[in-house]
Amino acid sequence: MKKLFILFFVAGALTLSAQSDYSTIAGRAGSFSRMGFGARGMGMANAMTAVNSGSLVAYYNPALSVFQEGNSFQTSYTFLSLDKSLNFLNFTKKFELGWYNPDGTRRAKPRSTAGISVGIINAGVSNFDEMDNQGIKTGDLSPTENQFFMALGMRVSSKLAIGFNAKFYYSKLYDEVSSTTFGFDLGFVYLFNQNITIAGALVDVNSKYKWDTTKIYGQEGTNTEDQFPILKRLAVAYKFDDPKIIASLEFEGIDGTTNFIRAGAEYNIYESLFLRSGINNINISNSDFPVRPTFGFSYFYSFGNIVSGIDYAFVVEPYSSSDQHIVGVNFNF
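Since this is a predicted model, take the numbers as computed values, not measurements.

Visitor: Provide a residue-level description of the packing of aromatic side chains, including the pertinent values.
Guide: Under the criterion given, the structure shown has 18 aromatic pairs. Seen from their ring centres, Tyr169 and Tyr209 are 6.4 Å apart, and the 90° between their planes marks the pair as edge-to-face. Taken together, the residues span a long stretch of sequence, with Tyr169 in strand 8 (residues 160-174) and Tyr209 in strand 11 (residues 208-212) at a distance of 40 residues. One exposure class covers both Tyr169 and Tyr209, and it is buried. Among the aromatic side chains, those forming a connected cluster through ring pairs are Phe32, Tyr169, Tyr209, Trp211 and Phe228.

Visitor: Pulling in residues and values, what's your account of the pairing of strand 10 (residues 196-205)?
Guide: The element strand 10 is extensively covered by neighbouring structure, given that seven of its 10 residues are classed as buried. Alignment of strand 9 (residues 177-191) against strand 10, held across seven bridges, turns out to be antiparallel. In the strand pairing of strand 10, Gly187 is matched with Ala201. A loop of four residues connects strand 9 with strand 10, the two strands running antiparallel in sequence. With eight bridges joining them, strand 10 and strand 13 (residues 231-240) adopt antiparallel strand pairing. For Leu202, the partnering residue across the bridge sits in strand 13 and is Lys232.

Visitor: Which residues make up the pairing of strand 3 (residues 84-97), and what are the values?
Guide: Regular strands show a simple pattern: their side chains alternate between the two faces of the sheet. Pairing between strand 2 (residues 71-79) and strand 3: nine bridges, direction antiparallel. Counterpart to Ser72 in the pairing with strand 3 is Thr92. Counting the residues that bridge the hairpin from strand 2 to strand 3 gives four residues, and of these Leu82 lies at a positive phi of roughly 55°. Looking at chain direction, strand 3 and strand 4 (residues 112-125) are connected through 14 bridges and run antiparallel. Among the inter-strand pairings, Ser85 is bridged to a residue of strand 4, identified as Gly124.

Parameters at a glance
- Residues numbered from 1 in each chain as written.
- Predicted model: local features only at pLDDT ≥ 70, side-chain atom pairs only at ≥ 80, totals over all residues.
- Heavy atoms only, no water.
- Phe/Tyr/Trp six-rings, centres within 6.5 Å; stacked < 30°, edge-to-face > 60°.
- Helix = DSSP H or I, 4+ residues; strand = E, 2+ residues; numbered from the N terminus.
- Buried < 20%, exposed > 50% of the residue type's maximum accessible area, 1.4 Å probe, protein only.
- Pairing = 2+ DSSP bridges.

Right under this line is the structure:
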């Protein structure tokens, strides 16, 4: 006798915020990938599209990798309610290109700068009940979603950098129900002056899940397609010299139906201590949409040529039994 599976979450199995007002974004495919990346970004309310200093990740803008100083490795774990998990891993490196002239002599400055950023986002929900058609529990289900990305950035002039991010998604709801998809992001960073940075990104172009349940239900199975929403971001960041504060403001449009504003700031209050705060999900299309305040900090310590840091972020979760806590570590070398 065939088992019955809880497949009502095919379109949003890992939707980590589930209310009707969220249907334009959180209730759609790939919602796990739109929650943010790591303790630094989420502590600044994900207003990171134009932030081009510190530990950088191409998740927010593929053009950012060219501004990374040294090599950056970072990983984070998110404490969530209801048996959910969200994990991050990233490595970013900058390359100086064209140091040598055709005759073999070394140039004073490289012709251009490039950067690469690779990362993984993993999300999952455990302890879903698997039952037969009599309602008897036969096991547990643990659906999972993953995003693997690799971004390349290029400094095309002293003021302008552009980037491309290739993304591969893998979602598994059950042994015989899974989906993969490829998508890509485009981004730019423009250095208006020493303090002001303007940036933009186009996110999740061509990403979509295709589901086939005929392997379980035979002729009663169906084939469905879930398109990821395309995100359009435009952002500006201002770097204060004294006090050492980075403030960022960005606009995000989703499929022409929903528009968000988010704002974040980072204060280097002490040589190795950074404080962060922000407000996410300011919905200018719906005033009743709940905003999400965020807070966080990082502390760094040097070990020879390696600078290690501990990151933490707190994110208010309006429709959950508990809020989000993100803990991470990063290494710059």
